Amino acid sequence: MSHRTKKSYTRPREAHQREIVARRRQQRAKAYTLDFGSRTARPAHSFAPAPRWNTYAALEWISHAVWVFDFQRKQILWANHAALELWRAHSLEELCQRNLAADMSASISARLEQYLADFERGTTRFSEQWTLYPRDEPLTLQIVFNAHRLEDGRMAMLCEAMDQSIGTPESLRSVEALLHTSVMITLYDGQWNALYRNPAAREAVPDSDASNRFIDQVAFQELVAAVRRDGVGRTITPVRTHKGLRWHEVTARTCRDVVTGHPAQLLTEVDVTGLKETEARARYLAHHDTLTGLPNRQFVLDTFQDTLSELGAGGRQAALIFIDLDRFKTINDALGHAAGDALLVQMASRLRGIVREADFVARLGGDEFLLLAPINHPEHDLDLLINRLRSRLSVAVQLHQGEVTVTPSMGVSLFPQDGDDIDTLMRHADLAMYQVKESGRNGVAHFTPEIGAVAQNRLRTESDLRNAVRRGEFEVHFQPRLDTMTERVIGAEALVRWRHPERGLLQPAQFIPICEEAGLMQQLSAFVFREAATRRTAWAARGLPISISVNLSSRDFSDPQLIARLHDIIRSTGCDPHGIELEITESVLLGNDRRTIESLEEMGRTGFRIAIDDFGTGYSNLSYLQRYPIHTLKIDRSFVQGIGSSSPLTEMIISLSKMLGLRMVAEGVEETQQLEWLRAREVHEFQGFLFSPPLSADHFETLLTSVQSKNLHSTAAMHRARIGSAHL
């Protein structure tokens with residue numbers, strides 16, 4: 001019931017008291033008018049409901065302060081003269097017009113609500129030490145609060161200020177702190193009956209019986225035992241409160257009741273529900289994927305081993321299935337990350353619908369999911385589960401951008417045959433899944449020792465690759481590019497080879513995928529580009545100014561230093577950038593990434609020509625042929641090899657290139673009739689084994705020199721006749 005006003009009261013205390021005494025006689029005469037007919041005393045100004053004279057008249061002459069407080073309006077309805085002096089009021093009217101709620105703290109308001117509830121339940125009297133703030137001056141009093149029913153039936157409170165407290169500042173502040181604190185404090189006797197509860201405890205706790213409030217009775221009994229044994233106990237436990245179930249940090253310690261001197265227990269409680277909820281949320285986020293809501297890799301590592309142990313103890317088997325979504329990266333790059341996320345959410349929902357109650361499904365990251373399924377009959381149960389997964393996950397998904405279809409590549413390892421711990425089973429299932437990827441995707445593979453041997457070989461290859469970079473074991477070979485009409489060598493494609501010290505000359509397919517996974521592509525690309533620029537400069541100096549094309553991967557474009565690296569090589573080798581063509585795949589362009597666009601534009605400004613390699617085999621989008629600075633379209637070998645069966649597609653690519661004014665290069669030409677077909681349709685260039693496989697730099701230079709000095713057509717024919725596998 002604390003009250004403060006903004007206006008400060010500055011007159012000296014003595015002058016104020018003399019003024020109060022002087023006005024008292026005047027107030028008695030004119031503060032009220034008496035209606036003898038109704039025996040009701042009414043204020044001179046109609047500022048509040050009037051009390052009955054016979055109810056309050058006698059209280060006027062009491063020497064200590066008495067006033068009536070209205071719970072509902074948070075105002076004083078009546079006060080005697082001693083109360084007017086206590087409240088520093090100039091008149092009863094002025095006091096009754098004060099809005100005590102304006103400066104009332106939340107804890108005081110809650111305490112008054114407790115008084116009202118107690119009065120309504122039948123309690124009629126309280127005595128507490130309070131500090132009032134009349135005119136912003138602190139005044140500590142022992143106040144008796146009495147239930148008082150008004151004429152209109154509402155409950156009010158008759159307040160009697162007994163003695164002004166003269167306690168020490170520390171004691172006064174301790175009482176105020178006990179009133180305002182949010183810590184719940186309860187004093188119990190030896191049988192755990194409540195002797196005292198501070199306002200916070202009364203507001204939060206519905207029942208004074210300690211044991212009834214504890215949901216976990218074991219926790220309560222352990223707390224009691226700790227107090228008896230050590231004199232203090234502590235626990236964090238769920239309890240029943242007015243707000244429902246809450247988590248409290250409860251500390252209990254032995255003490256004595258200052259009134260009786262008997263042993264007692266003091267319980268302090270702090271609501272830590274917010275902290276527990278935050279911890280629970282943190283645990284959930286640590287163990288669940290935020291996009292799909294599925295358990296994540298950490299959850300798998302933390303809990304699946306326990307599940308396997310339980311299965312093993314019961315003599316049961318289980319299948320661990322790695323699931324990877326085919327073509328997800330293509331869809332993600334083409335339609336954007338939002339579409340990719342939506343696809344993953346739908347896939348996760350389908351997996352939830354497929355699995356049984358005893359199965360566990362998790363998302364490991366990216367487009368990889370994991371399924372742990374207990375099985376009784378491996379052949380039958382596993383086949384049914386695999387078929388359900390393939391049929392459900394392969395159904396087209398409707399996204400905002402349109403309908404897309406993905407297929408699952410799955411690897412399976414069995415517990416306990418393929419491993420009895422989660423790490424081993426995951427590694428084996430992952431290896432089996434990669435076997436499916438390498439075999440064409442959209443299938444399932446079971447782990448075998450042979451797959452494990454392949455993985456070991458792959459690991460050795462990765463180690464050898466890192467040494468190969470350091471030892472300089474890579475070589476750049478050049479496959480001639482010829483004018484289709486004249487069969488004159490006008491360029492070459494630079495292709496990397498690895499001369500392994502034990503396995504001989506290895507083709508790109510045997511090590512490029514491992515380079516990409518091992519993060520070696522940027523080093524390898526830089527080596528090939530530098531070698532191509534160096535050779536091109538040397539051949540141009542000898543009068544052989546051909547164009548050389550160099551492949552760049554999508555990983556190269558993720559390097560922010562790509563352009564700077566190319567410029568540095570051009571400067572250091574003295575190579576003319578107009579003699580270099582950079583080949584990129586369609587996948588580089590699909591994401592419409594700003595960095596990729598800027599890189600391509602800068603390459604064009606530098607003088608490089610840009611070619612699309614293997615056109616038609618990826619997610620072909622005709623719009624990027626006009627949007628980006630593309631100069632050349634390379635027709636994939638699959639279309640050239642299919643001339644006759646897939647001629648309409650090849651015809652379409654050729655027509656498209658002509659309409660857009662792009663130069664055409666046909667790859668993989670191996671037969672004379674293929675060359676004739678391309679020549680008839682005015683394809684500009686070709687390359688392939690019909691003329692020459694990729695050659696070492698020295699062999700290619702010899703070829704260039706011989707072609708320059710002899711008849712072009714006869715030289716080409718003779719070269720085709722004598723070319724052999726020794727050059728491969």
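Sequence positions are assigned chain by chain, starting from 1 and proceeding in written order. Selection of residues for local features in this predicted model requires a pLDDT of at least 70, selection of side-chain atom pairs for listing and counting requires 80 or more, and totals for whole chains, interfaces and linings are taken over all residues. Excluding hydrogens and water, the side-chain figures rest on all heavy atoms present in the structure.

Enquirer: Can you explain helix H5 (residues 106-121)? Please cite residues and give values.
Expert: Every helix listed is a DSSP run of H or I at least four residues long, and every strand listed is a run of E at least two residues long, numbered separately from the N terminus. Here the expected length of a helix is defined as 1.5 Å per residue gap, with one fewer gap than residues. In a regular helix each residue adds 1.5 Å, so 16 residues correspond to 22 Å; H5 covers 23 Å between its end C-alpha atoms and thus fits that length. Here's how the labels work: a residue is buried when its accessible area is under 20% of the maximum for its type, exposed when over 50%, partly exposed in between, all with a 1.4 Å probe on protein chains only. When H5 is considered as a whole, its buried residues turn out to be Ser-107, Ile-108, Ala-110, Arg-111, Leu-112, Gln-114, Tyr-115, Asp-118 and Phe-119. Of the residues trailing H5, Gly-122 is marked for its positive phi of about 120 degrees.

Enquirer: Would you mind going over the packing of helix H20 (residues 562-573) against helix H22 (residues 594-606) in detail, with residue names and values included?
Expert: What describes two packed helices is the angle between their axes and the distance between those same axes. Only the contacting stretch of a helix is used when fitting its axis, a line to C-alpha atoms as for every element, and angles between N-to-C directions run 0 to 180 degrees. Two numbers describe how H20 lies on H22: the axes approach to 10 Å, and their chain directions differ by 20 degrees. Accordingly, the angle class assigned to the pair H20 and H22 is roughly parallel. Classified by chirality, the crossing of H22 by H20 is right-handed. Across the interface between the two elements, Leu-562, Ile-563, Leu-566 and His-567 from H20 touch Ser-599, Glu-602, Met-603 and Thr-606 from H22. Here the contact of H20 with H22 is built from residues that sort into 4 nonpolar, 3 polar and 1 charged. Oblique is the label for any angle not covered by the other classes, which are roughly parallel (under 35 degrees), roughly antiparallel (over 145) and roughly perpendicular (65 to 115). Should the near helix be turned counterclockwise from the far one by less than a right angle, the crossing is left-handed, whereas a clockwise turn marks it as right-handed. In what follows, a contact means two residues having at least one pair of non-hydrogen atoms within 4.5 Å. Here the term charged refers only to Asp, Glu, Lys and Arg, the term nonpolar to Ala, Val, Leu, Ile, Met, Phe, Trp, Tyr, Cys and Pro, and the term polar to all other amino acids, Gly among them.

Enquirer: Report on the nonpolar core, specifying residues and quantitative values.
Expert: Formed by 77 residues in total, the largest nonpolar core has its most connected members in Phe-511, Met-603 and Phe-700. Counting residues per element, this core draws most heavily on helix H18 (residues 521-541), at 7 residues. In contact with Met-603, other than residues within four places in its own chain, are Leu-552, Phe-557, Leu-562, Ile-563, Leu-566, Leu-582, Phe-608 and Ile-610. The term nonpolar core refers to a set of buried residues drawn from Ala, Val, Leu, Ile, Met, Phe, Trp, Tyr and Cys, joined through side-chain atoms within 4.5 Å.

Enquirer: Break down the sheet that holds strand S8 (residues 184-189) for me, with residues and values.
Expert: DSSP bridges decide pairing: two strands pair if at least two such bridges lie between them. Ordered by their spatial adjacency, 5 strands build an open sheet running S9-S8-S12-S11-S10, and the pairing between neighbours is antiparallel. The strands lining the two open edges of the sheet, one partner per strand, are strand S9 (194-197) and strand S10 (232-241). Averaged over neighbouring strand pairs, the angle between their axes works out to 25 degrees when direction is ignored. For strand S11 (residues 244-256) and strand S12 (residues 263-271), the ladder comprises 9 bridges, and the chain directions are antiparallel. When the bridges of S12 are listed, Val-250 appears paired with Glu-269. Those strands touched by helix H9 (residues 217-230) are S10, S11 and S12, and its axis lies near 155 degrees from that of S10.

Enquirer: Help me get a handle on the packing of aromatic side chains, residues and values and all.
Expert: Aromatic pairs are defined between Phe, Tyr and Trp rings, using the six-membered ring for Trp, whenever the two ring centres lie within 6.5 Å; interplanar angles under 30 degrees are classed as stacked, those over 60 as edge-to-face, and all others as tilted. In total, this model carries 19 aromatic pairs according to the counting rule given. Here Phe-474 and Phe-511 contribute two aromatic rings whose centre-to-centre distance is 5.7 Å and whose plane-to-plane angle is 45 degrees, an arrangement assigned as tilted. Taken together, the positions of Phe-474 in strand S20 (residues 474-483) and Phe-511 in the loop between strand S22 (504-506) and helix H17 (512-518) put the pair 37 residues apart, joining distant regions of the chain. On the basis of relative accessible area, Phe-474 is assigned to the buried category, the value being 9%. Ring-over charges, as used throughout, are those where CZ of Arg or NZ of Lys falls within 6 Å of the ring centre and within 35 degrees of the ring normal. Of note, Lys-276 hangs over the ring of Trp-247, and the distance from its end group to the ring centre comes to 4.4 Å.

Enquirer: Before we move on, can you summarise the side chain of Glu-701 with the specific residues and values?
Expert: With respect to the helices and strands, Glu-701 occurs in helix H27 (residues 697-709). At 3.1 Å, the side chain of Glu-701 and the side chain of Trp-539 are in polar contact. When neighbours within four sequence positions are excluded, Glu-701 is seen to be in contact with Trp-539 and Arg-542. Two N or O atoms count as a polar contact when they lie within 3.5 Å, although within protein this holds only if one can serve as hydrogen donor and the other as acceptor, and sequence-adjacent residues are included solely when both atoms are side-chain atoms.

Enquirer: Describe the layout of surface pockets, naming the residues involved and giving the relevant values.
Expert: Only protein atoms enter the calculation, which uses a 1 Å grid: trapped sets of points that fit a 1.4 Å probe without letting it out are cavities, open sets showing protein on both sides within 12 Å along at least five of seven lines are pockets, and any residue with an atom within 4 Å of a point is a lining residue. Grid points are joined across faces, edges and corners, and a volume is the space filled by probe spheres set on the points. Of the voids in this model, the second largest pocket is the one considered here, and its volume is about 460 Å³. Taken together, 18 residues make up the lining of the second largest pocket; nearest its centre are Arg-427, Leu-431, Ala-455, Gln-456 and Arg-458. Of all the secondary structure elements, the ones that give two or more residues to the lining of the second largest pocket are helix H15 (422-438), helix H16 (449-471) and H17. Broken down by element, the residue count for the lining of the second largest pocket peaks at 8 residues, all from H16. Its residues placed into classes, the lining of the second largest pocket shows 8 nonpolar, 4 polar and 6 charged.

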